[in-house]
Amino acid sequence: MSPVSRFLALALLALVGCERGPAPGHALVDFRHAREPGGTPVAAWKDDRVTAEELKQRLEEMSPALRERYQTLERKREYVEGLARFELLVREALARGLQDDPEVVASTKRALVSRLMRSQLDEASPPVSDAEVAAYYESHGEDYVRPEQVRLSHLFLAAPRTDTARGEAARAKAEKLLAQARALPPKDFAAFGRLARAHSEEPRTQPLDGDLRYRSLEALAQDFGPEVAEAARSLVASGPGTLSGVVRTDAGLHVLQLTGYQAALNLKLEDVRERISNRLSQDKRTRAWTELLAGLEGRSGLTVDTAALSRVHVDMSTPMRPPSGPPPGSIPAPLTSAPVEQP
């Protein structure tokens, strides 16, 4: 949005205010360029001016390279005239009633909400203490200190080691299923999952397409046997998608596919202090925004008539009309769902 559009949009506040009026002690917006008394005018027009003090400050806010352009009187005059002409255009827009233009109104609302968000989330954000950071680190230790973990999918055929006859039949079936698995694209995890769902005899993981989730090698050995853990260790070197051979355990036969790997973590508190602080700060900002919205909704008596809403037909056959309000993508995300920062 251009500066001209922003100024025109904000003119709405000066002329129409809001339904409940300005807050106590607050006047409607003053759109004069120079709103403070004093200063030495370098350009003036009816009831307004640009001062030498303002010009000096504006120039000092520029980079030295850009400031170099305004060493001559001619260049300074061009700059000051540009400021004045902009203000004259604002006045003309107000005189023509453009503050009531739907685009201006929508832009004003977006500018107001954006400023409110900065005030609520940035300026009013409480600090995060060292104690809060330490407590979060302790309660989420597994996020920062953990052994290496692998994620496997497996196809299991029950065949206790002591049942020789059953073991031979299961071995033949397992070799056949392994051949089918090897015929699949290496990283088509869904295809291997369908094979596991159709043939696996492990009741906990068969409904999950054989997915074992992330586990440490120690947990794999404990839950499924040391042979599975050793096979998983060898698969890591070849990367996700790699298949094992038929792995024999006391309980039966496994065909394994590596689907993910997470290296071991050993992050000290000082290693992640800033990250945790940022996350906690974001959590506080989210709560502050949620509380603000809840308060506004409660005080305004906001209700949603779901019956009436359900009767609003969304016609997919009509062409797109010119917008009568802000486009969906222009509504800040925290108005509908608070932003979440990942650790």
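All values derive from a computational prediction rather than experimental measurement. Along each chain, the written sequence defines residue order, and numbers are assigned to residues from 1. Given that the model is predicted, a residue must reach a pLDDT of at least 70 before its local features are reported, and side-chain atom pairs must reach 80 or more before they are shown or counted; all residues, however, enter totals for whole chains, interfaces and linings. Hydrogens are left out, water is left out, and the side-chain values use all remaining heavy atoms of the structure.

Attention now moves to the overall build of the protein chain. Along the protein chain, the regular secondary structure elements total 12 helices and 8 strands. Scored against the burial criterion, the 343 residues of the protein chain give a buried share of 30%. Contacts in the protein chain between residues far apart in sequence, at least 24 positions, make up 67% of those at least 6 positions apart. With the model as given, the accessible surface of the protein chain reaches about 22,100 Å², and the carbon-plus-sulfur share is 55%. Strands here mean DSSP runs of E at least two residues long; helices mean DSSP runs of H or I at least four residues long; both are numbered from the N terminus. Exposure categories follow from relative accessible area, calculated using a 1.4 Å probe and restricted to protein chains: below 20% of the type maximum is buried, above 50% is exposed, and the middle band is partly exposed. Any two residues having at least one pair of non-hydrogen atoms within 4.5 Å are treated as being in contact. Under the convention used here, a 1.4 Å probe and the Shrake-Rupley method define accessible areas, while residue burial counts only the protein chains that appear.

This part takes up the confidence of the model for the protein chain. Per-residue confidence from the predictor is given as pLDDT, running between 0 and 100. Per-chain confidence: the protein chain averages 85 in pLDDT, with 85% of residues scoring 70 or above. This stretch, residues 1-27, has a pLDDT under 50; its non-local contacts, to residues over four places away or in other chains, come to 39 contacts. With pLDDT under 50 throughout, residues 336-343 is counted as low confidence; its partners more than four residues away or in other chains account for 12 contacts.

In this section: the nonpolar core. Residue types Ala, Val, Leu, Ile, Met, Phe, Trp, Tyr and Cys, when buried and joined through side-chain atoms within 4.5 Å, form a set referred to as a nonpolar core. Membership of the largest hydrophobic core comes to 14 residues, with the highest contact counts inside it found for V150, L152, L220, V228, A232 and L256. With 5 residues, the single largest contributor to this core is helix α10 (residues 226-236). Beyond its immediate sequence surroundings of up to four residues, A232 is in contact with V150, L152, L217 and L220. Counting 13 residues, the second largest nonpolar core, distinct from the first, contains L155, A170, L177 and A181.

A separate point is a nonpolar patch on the surface. Only residues whose relative accessible area exceeds 30% and that form no salt bridge enter a patch; like-charged residues are grouped when within 9 Å of one another, and nonpolar side chains (Val, Leu, Ile, Met, Phe, Trp, Tyr) when within 5 Å. Salt bridges are counted wherever a side-chain nitrogen of Lys or Arg sits within 4 Å of a carboxyl oxygen of Asp or Glu. Taken together, V304, L309 and V312 make up a surface patch of nonpolar side chains, about 310 Å² in accessible area. One can find L309 in helix α12 (residues 306-310). Judged by relative accessible area, which is 53%, L309 ranks as exposed.

With that settled, the discussion passes to the side chain of T51. Following the sequence through the fold, T51 ends up in strand β2 (residues 48-51). Any N or O atom pair separated by 3.5 Å or less is treated as a polar contact, with the protein-specific requirement of one donor-capable and one acceptor-capable atom, and with residues adjacent in sequence counted only for side-chain atom pairs. A distance of 3.1 Å separates a polar side-chain atom of T51 from the backbone nitrogen of E54. Those residues in contact with T51 that sit more than four places away from it in its chain are G38, G39, T40, P41 and V42.

DSSP bridges decide pairing: two strands pair if at least two such bridges lie between them. The antiparallel open sheet is built from 4 strands, whose spatial order is β5-β4-β7-β6. Each having just a single partner strand, β5 (211-216) and β6 (243-248) make up the two edges of the open sheet. Each strand axis lies, on average, 35° off the axis of its neighbour in the sheet, ignoring direction. Inter-axis angles, ranging from 0 to 180 degrees, are taken between N-to-C directions of lines fitted to C-alpha atoms, where helices are fitted over the stretch in contact. Its contacts with the sheet put helix α9 (residues 217-224) on β4 (149-158), β5 and β7 (252-262), and the angle it makes with β5 is roughly 125°. Against the sheet, α10 touches β4, β6 and β7, its axis set at about 45° to β7.

One full turn of an α-helix is made of 3.6 residues, so residues set three or four places apart face in the same direction. Expected span of a helix: the number of residues minus one, times 1.5 Å. Here helix α7 (residues 164-182) spans 26 Å end to end across 19 residues, near enough to the 27 Å set by a 1.5 Å rise per residue. Every buried residue belonging to α7 is among G167, A170, A174, L177, L178 and A181, and all of these are buried. In a view along the axis of α7, the buried residues occupy a sector of 105°, so they form one face of it. Opposite the packed face of α7, turned more than 90 degrees from it, sit the exposed residues A165, E168 and K176. Relevant arc is that of directions from the helix axis to the C-beta atoms, nothing else.

For D47, which is not glycine, the phi dihedral falls at a positive 65°. Position of D47 relative to the elements: it lies in the loop between β1 (41-45) and β2. Positive phi, close to 60°, is recorded for R213, a residue that is not glycine. Position of R213 among the secondary structure elements: in strand β5.

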